[in-house]
Every structure is written in C-alpha cells, then in structure tokens.
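Given next are the chains, with one letter for each unit.
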Amino acid sequence: MTIPASDADAAPLRFVPLHAATRAQRAAFLSIYRNAIPLSERKTDAAILAMADRPDCVLELAERGGAAVGFLILYRSSTYPVALLEYLGVAASARGSGLGGRLFARVAAHAHGHTLLMEVETDRDTAAPDHAQRVRRKRFYARQGCRQFAQFTYRLPTLSEETPPPMDLLFLTGRDAVDRATLLAWLTDIYSEVYGRPADDPGIACMMAGLPDQLAFEPI
C-alpha cells in the first residue's frame, strides 16, 4: 500500500464507485493501482474489475478537480464482523498532500462496525532496501490508531510469479484482545473470500502455529 508522507488537508474529494465508473475512470483506477502496488502483492486487472460488482466489496476511485488521485479497495465480511483494507493507493502527482489520511478515513467509515485489518510489508527487516519507506508506512497507520500483535508474521498468499515479502497484520478495533479461535475464523474468511484459498491452506496453519489462546493488541 502506498501512503503519502503528509497528513495536511487537501481539496474536496469525489468518490466514484468502480462499478458505476466510466471506461476512462476504470482505466485511471487500474493505472494508479498498478503504479502503487508491487507486483508480488497485486491482483490482475480482471480480478479487480470482478470485485467491483461484489456486494461485500467497496472499490472507489478518488477524484479531485476532475483528476483521478487515488483509490481504495475494501472487503467487508458478510459472515464475521471483520473487514480487510485490501489496497489503498495515491497517484504519484498527489502524494504528500494528505490524501492518504483522507482515504483511510473513508475506509474506516465504510468499515464501521467491523474490525478493520490491514496487510503491510513488515519493517522488522532492517536490511530491506525500502526499509525507511516501510517504517513511514507503519507510522502512518499508528497515527490512525491502528495496533498489531507482537511477533506475528502475516503470510500473504502468492498472487503472481513473485513471492510476497514478509508482512505485518494491523488492526483498527475497539477490542483490547482477540481469542485464537476468532482470529483463525477471520483469517480463514479472508483467505477464502478475498484470495480464493481453501480453509486448510497451509499458510493459515503457519500463521496460527504457536499462538496463545488470547492475543492482546499492542501499539505499533
């Protein structure tokens, strides 16, 4: 996910649902998506467009002054009170304008009543060439009130020929903790409904291995 560095206010935004967008708006959405999201974390254009008609997904293009400046993709489970911020991106020309914070506020409003999960590249790998960017991204989410579990490594399913990097799973929630069984249900739902993976996907078992019965949320 690409987040601008500044949280300053910007001009009013217009949000266009992707299912109601024009051909040009859909092309702009996909262009920003491809430029903002690494290949290893990216779905195909066809998969993104197919999500636009799903009742459990929110895909919106953000426009400012008639120009496409960002997008958001949110999954809201119809089975559990959990949602996943799948992608959020800002056009290169709009970065540093505070748009990231405004897009996140839009996502949080859509996710009202759900615990909101976010997949982000971990900042624990200090040797990563983009480590400084990962740290800034985590700090952004910390300012939005997000928390995490210590020593929990999230496994993003493989989406392309490139292997996804190690990830952290962040949470925006009013809960102080979550039990292991609930977390398992959430992860299984996301793997199934967002990534089309079976309930016995080995990635889920790997994430859950060794976790205690209760997991407390901690500051980022």
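Quick caveat: nothing in here was measured; it's all calculated off a predicted structure.

A short note on the pattern of salt bridges
Here comes step 1: Tallied over the full model, the rule gives eleven salt bridges.
Here comes step 2: Taking the shortest distance from any N to any O, the salt bridge between K43 and E86 comes out at 2.8 Å. Remark: E86 occurs in strand β4 (residues 82-90) and K43 occurs in the loop between α1 (23-36) and α2 (45-51); sequence separation between them is 43 residues. There is no split in this pair, since K43 and E86 are both buried.
Here comes step 3: Put simply, D130 and R134 hold a salt bridge, and the shortest N to O gap is 2.9 Å.
Here comes step 4: For D130, a relative accessible area of 23% gives the class partly exposed.

Side note on the nonpolar core
Here comes step 1: Membership of the largest hydrophobic core comes to 44 residues, with the highest contact counts inside it found for F29, I48, F71, I73, F152, Y154 and L183.
Here comes step 2: In contact with F152, not counting residues within four places along its chain, are R124, M167, D168, L169, L183, L187, M207 and L211.

Considerations on the environment of L156
Here comes step 1: Within the element layout of this structure, L156 appears in the loop between β6 (147-148) and β7 (167-172).
Here comes step 2: As for L156 and I204, which are separated by 48 residues in sequence, their C-alpha atoms are 9.7 Å apart.
Here comes step 3: If we skip the residues at most four places from it in the chain, L156 touches S40, E41, E119, P164, M167, Y191 and Y195.

Cut-off values and rules
- Residues numbered from 1 in each chain as written.
- Predicted model: local features only at pLDDT ≥ 70, side-chain atom pairs only at ≥ 80, totals over all residues.
- Heavy atoms only, no water.
- Salt bridge = Lys/Arg side-chain N within 4 Å of Asp/Glu carboxyl O.
- Helix = DSSP H or I, 4+ residues; strand = E, 2+ residues; numbered from the N terminus.
- Buried < 20%, exposed > 50% of the residue type's maximum accessible area, 1.4 Å probe, protein only.
- Core = buried A, V, L, I, M, F, W, Y, C linked by side-chain atoms within 4.5 Å.
- Contact = heavy atoms within 4.5 Å.

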